[in-house]
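Fold and contact review
Residues per chain are reported as follows:
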Amino acid sequence: MILVIGGAGYIGSHMLQLLRESNEPHIVFDNLERGHRKAVQDSRLMVGDLRSSDDVESLLRSTPEIDVVMHFAAYAYVGESVGEPAKYWENNTAAVMRLLDTMRGHGISKFVFSSTCATFGEPDYIPIDEKHPQRPINPYGESKLVVEKILDTYDHAYQTRSVCLRYFNAAGADPLGRIGEDHRPEVHLIPNAIYAAMGKTGPLKVFGSDYPTPDGTCVRDYIHVHDLARAHLLAVQHLRNGGDSRKYNLGNGKGFSIKDVIDVVSKVTGKPVPFEMADRRPGDPATLVGGSGKIKGDWGWEPIYGDLETIVEHAWNWHRTHPDGYDTVSE
């Protein structure tokens, strides 16, 4: 059985969707602070807090069938991490270390970890591959990198086998529109561009127009949330087959500027996206594009939904049918 920690969140809930479709037994553990009960759908949910050793111990003691743990329960707002670093170190790092120790006490040695391209910091070259130096420039990236290092030592000392998946920009929604993105506040570009097109917010703010990119705005790599979930399932299969610990970057290998995204959102929605230019934000690299050749070579993983227009179409389908996010969904 797979334990999905943080399964009520954006990426976690899409993982649950794939596990149900794959007939994989699983259980969800989430405190619902930033996730949504309705996003869990028919999966079994235990409400609890990762930061509570008692909650984690109770869960593992009551569910001895668990053999793999997936972790999606991180705080992930870069700006917030700068203003509230203690919150990030406690939840994203210290709580994960306690989880790993509790897992060891119950004989669970397989762990799939959601890491981030934020562990790399300012890129030396593009696309960013697994050999790129890791020099995070904010507490969020630091908190994830420390867990990667903890996992290295736990692999050596305790034979805890892990797969770390470093995401670039997660985007899109369930292709059938059953679940989608509902952050509060929303910080991701594609949903915010859709909100602006829908008239739910004011003009979209574009931070910086003088970057060394083709149109002066930042370039990012967008990867469909369903493709992320598929990589996690491959990681589970690898570990269950006795595989060693691995670290992979997950991106499309394609870069799109903010203005590219605005144009595609306008095309897909049939509505103009009002936007206004603003000053650069500190710490925003001009270009972040991931190289995923390693996971493609090792496991044959390829993005199914690599086209930006398709990613936006799936996001738009969710937002237009759920204008209030999960509050639109009846019990």
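Presented here is an overview of the structure given in this document. (Residues numbered from 1 in each chain as written. Predicted model: local features only at pLDDT ≥ 70, side-chain atom pairs only at ≥ 80, totals over all residues. Heavy atoms only, no water.)

**Re the pairing of strand E2 (residues 26-30)**
- With 5 of 5 residues buried, E2 lies mostly within the body of the structure.
- Burial of the side chains of E2 extends over both faces: His26, Val28 and Asp30 are buried on one face and Ile27 and Phe29 on the other.
- When strand E1 (residues 2-5) meets E2, the two strands line up parallel, connected through 4 bridges. Considered in E2, the bridge of Ile2 is made with His26.
- Between the parallel elements E1 and E2, the chain passes through helix H1 (residues 10-21) in a crossover that is right-handed. (Buried < 20%, exposed > 50% of the residue type's maximum accessible area, 1.4 Å probe, protein only. Helix = DSSP H or I, 4+ residues; strand = E, 2+ residues; numbered from the N terminus. Pairing = 2+ DSSP bridges. Right-handed = clockwise from strand over helix to strand, strands pointing away.)

**Thoughts on unusual backbone geometry**
- Cis peptide bonds are those with omega within 30 degrees of zero, and the linkage from Ile126 to Pro127 qualifies with -5°.
- Along the chain, Pro127 falls in the loop between strand E5 (110-116) and helix H5 (139-158).
- Backbone geometry at Leu32 places phi at a positive 65°, although glycine is not the residue there.
- Tracing the backbone shows Leu32 in the loop between E2 and strand E3 (45-47).
- Positive phi values are uncommon outside glycine, yet Gln41 reaches one of about 55°.

**Brief notes about the environment of Glu80**
- Looking at the element boundaries, Glu80 is found in helix H3 (residues 78-83).
- Those residues within four positions of Glu80 in sequence are excluded, and the remaining contacts are Arg34, Tyr75, Lys87 and Tyr88.
- Among the polar contacts made by the side chain of Glu80, one reaches the side chain of Tyr88 at a distance of 2.5 Å. (Contact = heavy atoms within 4.5 Å. Polar contact = N/O pair within 3.5 Å; in protein donor to acceptor, adjacent residues only side chain to side chain.)

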